Amino acid sequence: MTDSPSSPKDTVTLTNNSSGKSVELPLIAGTVGPKVMDIRSLYSDMDLFTYDPGYTSTGSCKSAITYIDGDEGVLLHRGYPIEEIAEHGDFLEAAFLILKGELPNDAQMTKFVTDISRHSMLNEQISFFFRGFRRDSHPMAVMCGVVGAMAAFYHDSININDPHQRMVASYRLIAKMPTVVAWTYKYAMGQPFIYPRNDLDYASNFLHMMFATPCEPYKVNPTLARAMDRILILHADHEQNASTSTVRLAGSSGANPFACIAAGIASLWGPAHGGANEAVLAMLHEIGSKERIPEFLKRAKDKNDPFRLMGFGHRVYKNYDPRAKIMQRTCHEVLDELGIKDEPLLELAMELERIALSDEYFIERKLFPNVDFYSGIIFRAMGIPTQMFTSLFALARTVGWIAQWNEMLTDPEQKIGRPRQLYVGAPPRHYLPLHQRG
Ligand code: CMC
């Protein structure tokens, strides 16, 4: 990564037409992708801030973890295409890559799998903490609470200035998240918590904790475990999205890792972000039949109607989301394995996709299916309740959040995140005593 402009051409000159003041702003090049304009001196040189709500043109950090080319539909983790990672790797291998920057060798992989699995149990006291929630709580509400509360249970891994403690907290969060998610389900069902089994791979262990009961043996279906593993890979990281930026912002103040990840979970919950997978299924149910697709497309296009086609559109992808393609294939594999033929929701989804992709409104705005469009249908076929869909996203994204949090803390340019604003409130005025106010 080049840090300083290499030639005078690598600058942008900005002139304030009212004051006549000019400033040369350096352009910085990354490894691939567009250059960025370094505006750090703008306020001191020009007495100006930038205004960019939603950060549509703002790079908030340097990162070496994930690269997205939204126009081409490309997603790389540490340089490797998501398609290759999902095809040949497994989730913990992807996690190692995302966290540490390189694919592991045999010995590194064995050690990593052992280290993660040795942290899979939750402090027993946390099982009582679960019992404070209503049984019908939304799983994301329980996750926000339980993950935030982990800081109260793991005091030996909250010193963010100690690299060893940071690593232990990172491993704990990745290892324990499947247990947290599965236990939200068991608690809602009124079934006993099932403890992790470290002889199973990450995805199989999760499915086991979800669906086993103490009454009879439960054998994890390997095709479903592979599908779950692939879904986790597809959700593992996605550069500076809302929840990741939330984790970075929370972490920039020096907050402990459990608090930061709980903040990320809260941000992910929204329907414009991770909550979309749950919303897609609700939407497909609401549409109900292929005949009603035109009616809903009309609503999605109507500016006076808040309805949006859930699972469509993306801030960065202006092409097919590469994850959605893999998700669609996985969806067919899972339905075949389970012998589900003619799944009406899948047929409805495919027809909706076909019609939307040939509609002028969606073509013009480059609105394509995103990762959330097909994942819900897979989860549903696996027997996972709709309310839990977003918690599975959170489980997978924990890897990305942790990697980005670690990267931020070791970045020498790291500062507390503190955006400025365009103030549009009342101008200065004087306080009037109560009896003098009209
Ligand atoms: N249905 C109908 N119209 C849409 C949709 C949609 N799903 N998405 C965007 N548009 C329109 C929008 O109305 C606007 O039209 P116009 O230019 O005429 O005003 C144009 O497309 C650009 O939209 P935007 O809201 O400015 O785009 P954004 O980058 O701020 O929003 C988004 C991105 C993902 C929040 C949005 O596309 C959306 O709400 N999609 C539905 C929710 C969803 O599927 N979210 C999951 C995102 S991927 C996974 C994740 O991040 O968790």
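Computed from a predicted structure; not experimentally measured.

Chemist: Help me understand the overall build of the protein chain, please; the structure alone is not making it clear to me.
Modeler: Helix and strand counts for the protein chain stand at 18 helices and 6 strands. Computed over C-alpha atoms, the radius of gyration of the protein chain comes to 24 Å, within 12% of the 22 Å expected from 2.2 N^0.38 for 438 residues, which places it in the range of a compact globule. Counting only C-alpha atoms, the protein chain reaches 80 × 65 × 60 Å along its principal axes. The 438 residues of the protein chain split such that 47% are buried. At a minimum sequence separation of 6, the contacts of the protein chain that also span at least 24 residues come to 70%. Roughly 22,100 Å² of accessible area belongs to the protein chain as shown, and the carbon and sulfur atoms make up 54% of that amount. In the protein chain, the 44 positive side-chain charges and the 50 negative ones have mean positions that sit 6 Å from each other.

Chemist: For this particular structure, what's the right way to read unusual backbone geometry?
Modeler: Even without being a glycine, Arg-78 presents a positive backbone phi close to 50°. Here Arg-78 lies in the loop between strand S5 (74-77) and strand S6 (80-81). We note that Lys-366 has phi near 55°; this positive angle belongs to a residue other than glycine. Inspection of the secondary structure assignment puts Lys-366 in the loop between helix H16 (360-364) and helix H17 (372-381).

Chemist: What exactly am I supposed to notice about the pattern of salt bridges here?
Modeler: Enumeration over the complete set of coordinates arrives at 21 salt bridges. Between Arg-172 and Asp-156 there is a salt bridge, with the nearest N and O atoms lying 2.8 Å from each other. Residue Arg-172 is located in helix H7 (residues 163-189), and its partner Asp-156 is located in the loop between helix H6 (139-149) and H7; the two are separated by 16 residues in the primary sequence. In this structure Arg-172 comes out as buried when scored by relative accessible area, which is 10%. For Asp-156, a relative accessible area of 47% gives the class partly exposed. Here the residues in one salt-bridge network are Asp-38, Arg-40, Lys-62 and Glu-413, joined through shared partners.

Chemist: It is not clear to me how the sheet that holds strand S3 (residues 36-37) should be interpreted in this structure. Could you clarify?
Modeler: Each strand in a sheet pairs with another by means of backbone hydrogen bonds, the pair being arranged parallel or else antiparallel. The 3 strands lie next to each other as S1-S2-S3, forming an open sheet whose pairing is antiparallel. Because the sheet does not close on itself, it has two edges, and the strands there are strand S1 (11-15) and S3. Both strand S2 (residues 22-28) and S3 contribute to a ladder of 2 bridges, which runs antiparallel. Counted as the bridge partner of Ile-28 is Val-36 from S3.

Chemist: What am I meant to see in the UniProt feature "active site" (unreviewed entry) in the protein chain here?
Modeler: Residues given the UniProt feature "active site" (unreviewed entry) here are His-314 and Asp-372. The greatest C-alpha distance among the residues just named is 10.6 Å, despite their covering 59 residues of sequence, which places them together in space. In this fold, His-314 is placed in the loop between helix H13 (293-301) and helix H14 (322-337). The topology assignment puts Asp-372 in helix H17. With residues up to four places along the chain from it excluded, the contact list for Asp-372 reads His-235, His-273, Gly-274, Ala-276, Asn-277, Val-280 and Phe-393.

Chemist: Could you clarify how one ought to interpret the sheet that holds S6 in this entry?
Modeler: Within the open sheet, the 3 strands sit side by side as S4-S5-S6. Their pairing is antiparallel. Every interior strand has two partners, whereas the edge strands, strand S4 (66-69) and S6, have only one. Taken together, the 2 bridges between S5 and S6 define a ladder with antiparallel strand orientation. For Leu-76, the partnering residue across the bridge sits in S6 and is Pro-81.

Chemist: Where do I start with the packing of H6 against helix H18 (residues 389-409) in this structure?
Modeler: Each pair of packed helices gets described by two things: the angle between the helix axes and the distance between those axes. Interhelical geometry of H6 versus H18 gives an angle of 35° and a closest axis separation of 8 Å. Counted together, Pro-139, Met-140 and Met-143 of H6 and Thr-390, Ser-391 and Ala-394 of H18 form the full contact between these two elements. Considered class by class, the residues forming the contact of H6 with H18 number 4 nonpolar, 2 polar and no charged.

Chemist: For this particular structure, what's the right way to read the packing of aromatic side chains?
Modeler: Working definition: an aromatic ring pair is given by the centre-to-centre distance plus the angle between the planes. Within the structure shown, the criterion is met by 19 aromatic pairs. A connected cluster of aromatic rings, assembled from ring pairs, spans Phe-312, Tyr-361, Phe-362, Phe-373 and Tyr-374. Its guanidinium or amino end placed over the ring of Tyr-187, Arg-135 lies 4.2 Å from that ring's centre, counting from NZ or CZ.

Chemist: Please clarify how the layout of surface pockets should be interpreted in this entry.
Modeler: The gaps of empty space that remain are located by a probe, the size of a water molecule, rolled over the atoms. In this model, the second largest pocket occupies a volume close to 290 Å³. Counting residues per element, the ones that place at least two in the lining of the second largest pocket are helix H3 (91-100), helix H4 (106-117), H7, helix H8 (202-211) and helix H9 (222-234). For the lining of the second largest pocket, the residue count by class is 11 nonpolar, 5 polar and 5 charged.

The rules we used
Per chain, the residues get numbers from 1 upward, laid out in the order the sequence is written. Local features in this predicted model are restricted to residues of pLDDT 70 or higher, and side-chain atom pairs are both shown and tallied only at a pLDDT of 80 or more, whereas totals for entire chains, interfaces and linings draw on every residue. The basis for the side-chain values is all heavy atoms of the structure; hydrogens and waters are excluded. In this description a helix means any DSSP run of H or I spanning at least four residues, a strand means any run of E spanning at least two, and both kinds are numbered starting from the N terminus. Only C-alpha atoms enter the radius of gyration, while the globule expectation follows 2.2 Å times N to the 0.38, with N the number of residues. Only protein chains enter the accessibility calculation, which uses a 1.4 Å probe; a residue whose area is less than 20% of its type maximum is buried, one above 50% is exposed, and one in between is partly exposed. Whether two residues are in contact is decided by their heavy atoms, any of which lying within 4.5 Å being enough. A 1.4 Å probe and the Shrake-Rupley method give the accessible areas. Residues count as covered only by the protein chains that appear here. Positive charges are assigned to Lys and Arg, negative charges to Asp and Glu, while His and the chain termini are left out of the count. A single reference atom marks each charge: NZ on Lys, CZ on Arg, CG on Asp, CD on Glu. For salt bridges, the criterion is a side-chain nitrogen of Lys or Arg within 4 Å of an Asp or Glu carboxyl oxygen. A pair of strands counts as paired when DSSP detects no fewer than two bridges linking them. UniProt positions are given in the numbering used here, feature names are shortened, and annotations may be inferred rather than shown by experiment. The angle between two axes is taken between their N-to-C directions and runs from 0 to 180 degrees, where each axis is a line fitted to C-alpha atoms and a helix contributes only its stretch in contact. Each residue is assigned to one of three groups, with Ala, Val, Leu, Ile, Met, Phe, Trp, Tyr, Cys and Pro labelled nonpolar, Asp, Glu, Lys and Arg labelled charged, and all others, Gly among them, labelled polar. Two aromatic rings, drawn from Phe, Tyr or Trp (for Trp, its six-membered ring), form a pair once their centres lie within 6.5 Å of each other, and the interplanar angle then sorts them: stacked below 30 degrees, edge-to-face above 60, tilted otherwise. Two limits define a charge over a ring: the Lys NZ or Arg CZ must be within 6 Å of the ring centre, and within 35 degrees of the ring normal. Detection works on a 1 Å grid of protein atoms alone, calling trapped sets that fit a 1.4 Å probe cavities and calling open sets with protein on both sides within 12 Å along at least five of seven lines pockets, with lining residues defined by an atom within 4 Å of a point. Grid points are joined across faces, edges and corners, and a volume is the space filled by probe spheres set on the points.

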